Amino acid sequence: MNWKLWSLKKSIWVFHVNAGACNNCDIEIVNLLTPRFDVERFGIKLVGSPRHADALLVTGAGTRQASVRLREVYRQTAKPCVVFCMGACACGTGIFEGGYHIAGPVDKIIKEVDPNAIIAYVPGCPPKPEAMISGVVKALSAL
Amino acid sequence: MIEALENLFWIVIFPGFVFTLAVGLIASWLVRKVSALVQYRVGPPVYQPLADVMKLMGKEILIPQEAQRAVFVAAPLIGLAGVLLLATMLWLAVAGTDFVGDILVALYLMVLPSLALILGSSASGSPHAALGASREMKLVLGYELPLVLAFVVVLIKTAGVVAPGEQLSLAAISQHASVLSVSGALAFLVALLCVQAKLGFVPFDMAEAETEVASGVIIEYSGALLAVWKLMQAMMLVALPLFLVVVFLGGIGTSGWSLLAGIGKYVLVLVLVILIKNTNPRVRIDQAMRFFWFYAGATLVAAVILATLGNYYGIPWL
Amino acid sequence: MKQEELDNRLSEIEGELLSVERTEDNRIFLPCESEKAYAVCKFLFEELQLRFVISTGVDAEHCFEVLHHFTNDESGCIVTVKAMIRDREAPELESIAPLIPGAEWIEREMHDILGINFKNHPNLRRLILSDDWPEGVYPLRKDVKV
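What you see is a predicted model; the values in this text were computed from it and never measured.

Rules behind the numbers
- Residues numbered from 1 in each chain as written.
- Chains lettered and ligands numbered in written order.
- Predicted model: local features only at pLDDT ≥ 70, side-chain atom pairs only at ≥ 80, totals over all residues.
- Helix = DSSP H or I, 4+ residues; strand = E, 2+ residues; numbered from the N terminus.
- Rg over C-alpha atoms; globule rule 2.2 N^0.38 Å.
- Buried ≥ 20, exposed ≤ 12 C-beta atoms within 10 Å, placed from the backbone.
- Core = buried A, V, L, I, M, F, W, Y, C linked by C-beta atoms within 7 Å.
- Contact = placed C-beta atoms within 7 Å.
- Nonpolar A, V, L, I, M, F, W, Y, C, P; charged D, E, K, R; others polar.
- Pairing = 2+ DSSP bridges.
- Axes fitted to C-alpha atoms, helices over the stretch in contact; angles between N-to-C directions.
- Parallel < 35°, antiparallel > 145°, perpendicular 65-115°, else oblique.
- pLDDT = per-residue confidence, 0-100.

> Would you mind going over the overall build of chain C in detail, with residue names and values included?
Per the secondary structure count, chain C includes 3 helices and 7 strands. When the helices and strands of chain C are read in sequence order from the N terminus, they spell out α-β-β-α-β-β-β-β-α-β. In terms of overall size, chain C behaves like a compact globule, its C-alpha atoms giving a radius of gyration of 16 Å where 146 residues would be expected to give roughly 15 Å. In terms of overall dimensions, chain C has C-alpha extents of about 50 × 30 × 25 Å along its principal axes. Residues counted as buried form 25% of the 146 residues belonging to chain C.

In structure tokens form, the structure reads like this:
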């Protein structure tokens, strides 16, 4: 494989976006990034700006208010990038199906901006950190 | 002609860009590995910083609409150029090719990376970047004076033992390990903390605070420009501890035991920086300024007095 | 204050209420008309020194109900004022936010979601609906389909 793909797989910087989540998945993501699970050995690092990120960890069913901001954050992420939908709500609105404030699950919101977006799904409510690691590793090996 | 080619070789390959970059990437890996071991976990593999830079080169460069394009693009290159010249000059001083007054040039060149950070973030057109820029400016105001005063202490210490015409030259200063005296030790301690602030490490990393101001100074940079910032930070990890070793700890020899001892001294300074980074929280900018002006300043005034007394009465260990 | 003292003091205000319902030992409901609700809350907050907890808005079939919950920390008793708003076309209630600043946001939320207008509210802006939500559509009313 060429050097771009190799380096992307070996060093993936994540940025966490909350698109209207109940915070359970956010807590699990923060747990994931603690020294106990040590994701730095995979090259995963938390960055503070979407411009530095290669992967967006999106939690929450996309609410109307958050969908505008999520689209903007996706546009500001330097491509190539992967969008990880963390949790049942992000994969397909979860228990908030049919609510009046939902603007669609996360992949529908992202595909409005970029129909060719690379999206990976990690189900769970909330997904365990081990499940998140396994999801990220599987997505990277499928790239 | 030959001399120009030779200079080009020194600057670009060895001991300039490529060599310092290689050592810088390994030093950057060392920082992450030691931090990981302190936190009781396995750290990243050896090629991790290289993979980071390669990945950044492969991503697109996004420039915000309100940014000043020319300054935005030029600032990281200015910073890189400053560190490159500093590192080349230091390695050449270690090898013996130095000139009188090069300590002043080194002090000037050390400001360039921080200045480039301030320029780049001011040109970013983002309120977070403006906040980071103001913090970086205040931090530079804080630590520049103690840094210069610390070297003044070294100059006073070496006044008696170095020939008067050669005092401002790095090679001459590096013959004497000033840290082995009370005033020298105090000055080394303050200079170490100033270097910590210049490298942008905790407890003084409030300019590039990831969680507070969303990576303040470099928030709008992406792709190859961000890679240049990371390269600059990696090369600063070589140049600044090397400067401390040359000025305070007696320099690096060119062969045999003194070379090994020199490398050991550099690793020691690097590990000290890493340990301070891992055991401290981030301080606020006003706390940092108060620290540098009052506590560091008072310590250095005491060190200067001790050094002058030591010189006057001929007591070498004071 | 102790539970018996609370019961005795509550009898002072019985004239303003429709009834006093006591579902359990530590749960008292005070239903009243919407015009009297402010006076009852003022009595509970100032005279009896009960602590305001939260408010609830309910879309009952034939009226709107706004419940203000107060608690007597010493005996663990929760006293709820149930204001019945009979007018379903333009529901209005006097806001208790000037008296209790902590009630400001929950009244804004009830205004957003149920459409109850609070008179004398210092800051009746949109709180939790999104910026592009159409005006006049109140999602939690039973007759609204979204």
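> I'd like a description of the nonpolar core, backed by residues and values.
With 97 residues, the main nonpolar core has Leu90, Ala187, Ala191, Met235, Ala239 and Leu244 of chain B as its most contacted residues. When residues in this core are grouped by element, the largest group, 21 residues, is from helix α9 (residues 223-248) of chain B. Dropping the residues within four chain positions of it, Ala239 of chain B is found in contact with Val83, Leu86, Ala87 and Leu90 of chain B. With 42 residues, the next largest nonpolar core counts Leu8, Val47, Ala55 and Val73 of chain A among its residues.

> So what about the interface of chain A and chain B? Which residues, and what values?
Interfaces are often sized by the amount of accessible area the parts lose when they come together. Each side of the interface is counted separately: chain A has 20 residues, and chain B has 27 residues. Residue contributions to the side of chain A that touches chain B peak at 5 residues, all from helix α1 (residues 3-10) of chain A. Of the residues assigned to the side of chain A that touches chain B, the class counts are 6 nonpolar, 7 polar and 7 charged.

> Account for the sheet that holds strand β2 (residues 45-46) of chain A, with residues named and values stated.
All names here are of chain A. Read across the open sheet, the 5 strands follow the order β2-β1-β3-β4-β5; overall the sheet is parallel. Only two strands of the sheet have a single neighbouring strand rather than two, namely β2 and β5 (118-122). The strands touched by helix α6 (residues 129-142) are β4 (82-86) and β5; relative to β5, the strand with the most contacts, the crossing angle is about 150°.

> Tell me about the packing of helix α3 (residues 48-57) of chain B against α9 of chain B, and please be specific about residues and values.
Residue and element names in this part refer to chain B. For the pair α3 and α9, interaxial distance at closest approach is 7 Å and the crossing angle is 155°. With respect to α9, the axis of α3 lies roughly antiparallel. Counting all contacts with α3, which are made through Pro49, Asp52, Val53, Leu56 and Met57, the residues of α9 involved are Gly223, Ala224, Leu226, Ala227, Lys230, Leu231 and Ala234. Of the residues belonging to the contact of α3 with α9, the class tally is 9 nonpolar, 1 polar and 2 charged.

> Describe the interface of chain C and chain A, listing the residues and the values that go with them.
Residue-level contacts link 5 residues of chain C with 5 residues of chain A. Each residue belonging to the side of chain C that touches chain A can be placed in one class, and the counts come to 2 nonpolar, 1 polar and 2 charged.

> Break down helix α3 (residues 104-114) of chain C for me, with residues and values.
Every buried residue belonging to α3 of chain C is among Ile106, Glu107, Arg108, Met110 and His111 of chain C, and all of these are buried. Those residues of α3 of chain C that are buried lie in contact with β3 (51-59), β4 (64-72) and β7 (117-119) of chain C.

> Lay out the sheet that holds strand β5 (residues 77-85) of chain C in plain terms, naming residues and giving numbers.
Residues and elements named next belong to chain C. Reading across from one edge, β1-β2-β5-β4-β3 is the order of the 5 strands in this open sheet, with mixed pairing throughout. Strands at the two margins of the open sheet, each flanked by one partner only, are β1 (21-24) and β3. Averaged over all pairs of adjacent strands, the angle between their axes in this sheet comes to 20°, without regard to strand direction. Where strand β2 (residues 27-33) meets β5, 7 bridges bridge the pair, whose relative direction is parallel. Paired with Arg27 across the strands is Ile78, a residue of β5. Packing of α3 onto the sheet brings it into contact with β3 and β4, and relative to β3 it is tilted by some 5°.

> Account for the environment of Arg41 of chain B, naming residues and giving values.
Relative to the elements of secondary structure, Arg41 of chain B occurs in the loop between α2 (17-38) and α3. Looking at Arg41 of chain B, the number of C-beta atoms within 10 Å reads 16, which means it is partly exposed. Those residues within four positions of Arg41 of chain B in sequence are excluded, and the remaining contacts are Pro35 and Asp38 of chain A together with Ala36 of chain B.

> How would you summarise the arrangement of the chains if you had to cite specific residues and measurements?
Across the 2 pairs of chains that are in contact, the largest number of contacts falls between chains A and B. Considering only C-alpha positions, the minimal separation of the non-contacting chain B and chain C is 23 Å.

> Can you lay out the environment of Lys59 of chain B for me, pointing to particular residues and giving the numbers?
For Lys59 of chain B, the position within the fold is in the loop between α3 and α4 (69-95). The class for Lys59 of chain B is buried, based on 24 C-beta atoms found within 10 Å.

> Go over the confidence of the model for chain C, please, and point to the residues and values.
Overall, the prediction assigns chain C a mean pLDDT of 87, with 99% of residues at 70 or greater. Model confidence for the complex is summarised by a pTM of 0.85, with the ipTM given as 0.88.

> Mind laying out the environment of Asn72 of chain C, listing which residues take part and the relevant values?
All names here are of chain C. In this fold, Asn72 is placed in strand β4. What makes Asn72 buried here is the crowd of 21 C-beta atoms within 10 Å. Through-space distance from the C-alpha of Asn72 to that of Lys2 is 8.6 Å; in sequence the pair is 70 residues apart. Here Asn72 is in contact with Met1, Leu6, Leu50, Cys77 and Val79, once residues within four sequence places are set aside.

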